[in-house]
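Notes for the structure review
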Amino acid sequence: KTDDKVKVKSDSVINEDWDGGTPAYQNYTGEEIDNNMFFGGTLYGVASKLEYLSSLGVNCIYLSPVFDAHSNHKYDTGDYMKIDEMFGGEDAFAYLLEKARENDIKIILDGVFNHTGDDSLYFNRYGKYNSTGAYQSRESEYYDWYTFTNFPEKYECWWGIKILPKLRGENEKVKDFFLGEGGVVAKYLRDGTSGWRLDVADELTDDFLTELRKRAKSEKSDALIIGEVWENAADKIAYGVRRQYFSGFQLDSVMNYPLKNAIIDYMKSRDCTVFYNTALEIYSSYPKDSCDVLMNILGTHDTPRILTELGTDEKESNMTNAEKSVYRLSDSKREEAVKLLKMASLIQFTIPGMPSVYYGDEAGSQGFGDPFCRMPFPWNNIDADILEHYKALGALKHTSSALTDGEIEFIAHDGAFCAYTRHNGQQKTAVLVNAGDDFRHMSFDCDCRVIFGNADVYKDNSGKVRITVGPRSGVVAEMLSVK
């Protein structure tokens, strides 16, 4: 939380109620909101919790934007070359990188390269920066970074949002700023980060993405480049153009929104059909190298908290923002949602890719979509049961090589019951998930040892090993002495 090392901007508001404060929100869609309320979290604070993260098995942290910006969400970048002073500035960033290295944790930054803030060094609509911004003069060095239709008040912006003027990614000066030898991408990799998650990747041109990859890989050969893509990235068409994300010249992988949605559908409908079909589509259309580093999510800063998503229905999701701001699941709904969360997260950790946990999901955080999904971490109200579940999943992921790079093969998909194996030549692991109300059984022609969850395992008269999975639960079994 905010301390003496951190400066508070004069136009910002600090909400001191870390445990129960409500972020500012729109009363209706389109209402203007300043987004200047902060709860005081800093990069020093992140560094102080690295031991906790290590206990979960975390070896990589993706940070949403940390560059200087007016808003609390920071997607309205003010200065790409400056770490926001309210997060602790350059000193806090360097300290976090140092402590992360000591804990063998990598840091990935959020690259918001499609637009800036109107309150920025480059646009400078309000004259707060010591520069001549594009809004202020046609003679500005940044003027042709943007597209004006009627200078200065009408300009292209992201999704029509006036505070987010859109950058001309094809402009050579823009490309050099981000992708040049001393540009943004190179600078932060040299500082010690390990890659980039690219905001709205479908709005960045193929040429921009290709040059970004070249620059990143030339600075750090193992730099990870993940794109924010909400659909199947292998056949994504954006603005009438089929994208080339997996051509080998652009992205390493993407955020796995299709699987996220399919897992949630499975949990809520108790029918694995959509999940099975989506998984087949993703893992058959993506290159294996991309599958192995898919950002497998259940929730993000753009979506409702997974516990809330699993515990509510359409009626509740249509409440007003005022109602959503104070809504919490009833005890009975929460109990059911936790069961679903445990099955959903088991899938998240055992399908190909990198399980990516949105902070607080492992502690039982609740909340609808932005801004209610961005509440402070509940340090004083952690759900110990959910936390232990995530710790066990983290340990499982690190101890099973098949779950790291193994192929996936579905061996059952029948209504509420779904099962698949992961195998890599050295190890074979079976994952069985039962979202129904009845016990389900599966037999194997080999010895099996349950390594996660609880299940009855015994050999029948034919010598087959039978595993029984209880209602609303999942298990992982290591397959031994395969015939």
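What this report covers is the structure whose coordinates are included nearby. (Residues numbered from 1 in each chain as written. Predicted model: local features only at pLDDT ≥ 70, side-chain atom pairs only at ≥ 80, totals over all residues. Heavy atoms only, no water.)

1. Regarding the overall build of the protein chain
For the protein chain, the helix and strand inventory stands at 15 helices and 23 strands. Dimensions of the protein chain, computed from the C-alpha atoms along their principal axes, are close to 85 × 45 × 45 Å. Across the 483 residues that make up the protein chain, the buried fraction comes to 54%. Within the protein chain, contacts between residues at least 6 apart in sequence are counted, and of these 67% link residues at least 24 apart. Side-chain charges of the protein chain comprise 54 positive and 76 negative groups, with the mean position of each set lying 2 Å from the other. (Helix = DSSP H or I, 4+ residues; strand = E, 2+ residues; numbered from the N terminus. Buried < 20%, exposed > 50% of the residue type's maximum accessible area, 1.4 Å probe, protein only. Contact = heavy atoms within 4.5 Å. Lys, Arg positive; Asp, Glu negative; His and termini not counted. Charge placed at Lys NZ, Arg CZ, Asp CG, Glu CD.)

2. Details of the packing of helix α7 (residues 257–269) against helix α13 (residues 331–350)
Where α7 contacts α13, the two axes come as close as 10 Å, and the packing angle between them is 145°. In this structure, α7 meets α13 at a crossing whose hand is right-handed. In contact with I263, Y266 and M267 of α7, α13 contributes L340, M343, A344, I347 and Q348. (Axes fitted to C-alpha atoms, helices over the stretch in contact; angles between N-to-C directions. Left-handed = near helix turned anticlockwise from the far one by under 90°.)

3. Describing the sheet that holds strand β22 (residues 465–469)
Judged by pairing direction, the sheet is antiparallel, and its three strands sit side by side in the order β19-β22-β21 without closing on themselves. The two strands at the open ends of the sheet, each matched to only one other strand, are β19 (440–444) and β21 (456–459). Shown here is a sheet whose adjacent strand axes are inclined to one another by a mean of 20°, direction ignored. (Pairing = 2+ DSSP bridges.)

4. Concerning the pattern of salt bridges
Scanning the entire structure with this criterion turns up 41 salt bridges. Among the ionic pairs, D252 bridges to R213, the shortest N-O distance being 3.0 Å. Here D252 is found in the loop between β12 (241–242) and β13 (253–254), whereas its partner R213 is found in helix α6 (residues 206–219), with 39 residues between them in sequence. Comparing D252 with R213 shows no difference in burial state: the two are buried. A salt bridge links R305 to D361, with the nearest nitrogen and oxygen atoms 2.9 Å apart. Of this pair, R305 sits in the loop between β14 (295–297) and α10 (306–311) while D361 sits in the loop between β15 (354–356) and α14 (384–399), and the two are 56 residues apart along the sequence. We classify R305 as buried; its relative accessible area is 2%. Residues joined by salt bridges that share partners form a network here, namely K9, D68, K74 and D84. (Salt bridge = Lys/Arg side-chain N within 4 Å of Asp/Glu carboxyl O.)

5. Section: the side chain of S194
By secondary structure assignment, the location of S194 is in the loop between α5 (184–191) and β9 (195–198). For S194, a relative accessible area of 13% gives the class buried. Not counting the four nearest positions on each side in its chain, S194 is found in contact with K106, I107, I108, L189, D222, A223 and L224.

6. Topic: the nonpolar core
Formed by 113 residues in total, the largest nonpolar core has its most connected members in F113, F178, W196, L198, M267 and F275. Sorting elements by how many residues they give to this core places α13 first, with nine residues. By size, the runner-up hydrophobic cluster in this structure holds 15 residues, among which are A430, M442, C448 and V475. (Core = buried A, V, L, I, M, F, W, Y, C linked by side-chain atoms within 4.5 Å.)

7. Observations concerning α5
The set of residues buried in α5 consists of V184, V185, A186, Y188 and L189. G192 sits one or two residues past α5 and shows a positive phi near 125°.

8. Concerning the packing of aromatic side chains
Scanning the entire structure with this criterion turns up 42 aromatic pairs. For the ring pair Y80 and F177, a centre distance of 5.9 Å and an interplane angle of 70° mean the geometry is edge-to-face. Placement of Y80 in strand β5 (residues 77–83) and of F177 in helix α4 (residues 172–179) is noted, with a sequence separation of 97 residues between them. For the residue pair Y80 and F177, the accessibility class agrees, reading buried in each case. When the ring of Y122 is compared with that of Y142, the centres are 5.4 Å apart and the planes differ by 85°; the resulting orientation is edge-to-face. Within this pair, whereas Y122 is found in the loop between β6 (106–111) and β7 (148–150), its partner Y142 is found in the loop between β6 and β7, the two being separated by 20 residues in sequence. (Phe/Tyr/Trp six-rings, centres within 6.5 Å; stacked < 30°, edge-to-face > 60°.)

9. Some details on the sheet that holds strand β20 (residues 447–452)
Either a parallel or an antiparallel arrangement is found when strands of a sheet pair, and the pairing is made through backbone hydrogen bonds. One open sheet holds the five strands; their spatial order is β16-β17-β18-β23-β20, and the pairing between them is antiparallel. At either margin of the open sheet sits one strand with a lone partner, and together these are β16 (407–414) and β20. Mean inter-strand twist for the sheet, computed between neighbouring axes without regard to direction, equals 25°. The pairing of β20 with strand β23 (residues 473–480) spans five bridges and is classified as antiparallel. The residue of β23 that forms the bridge with C448 is M479.

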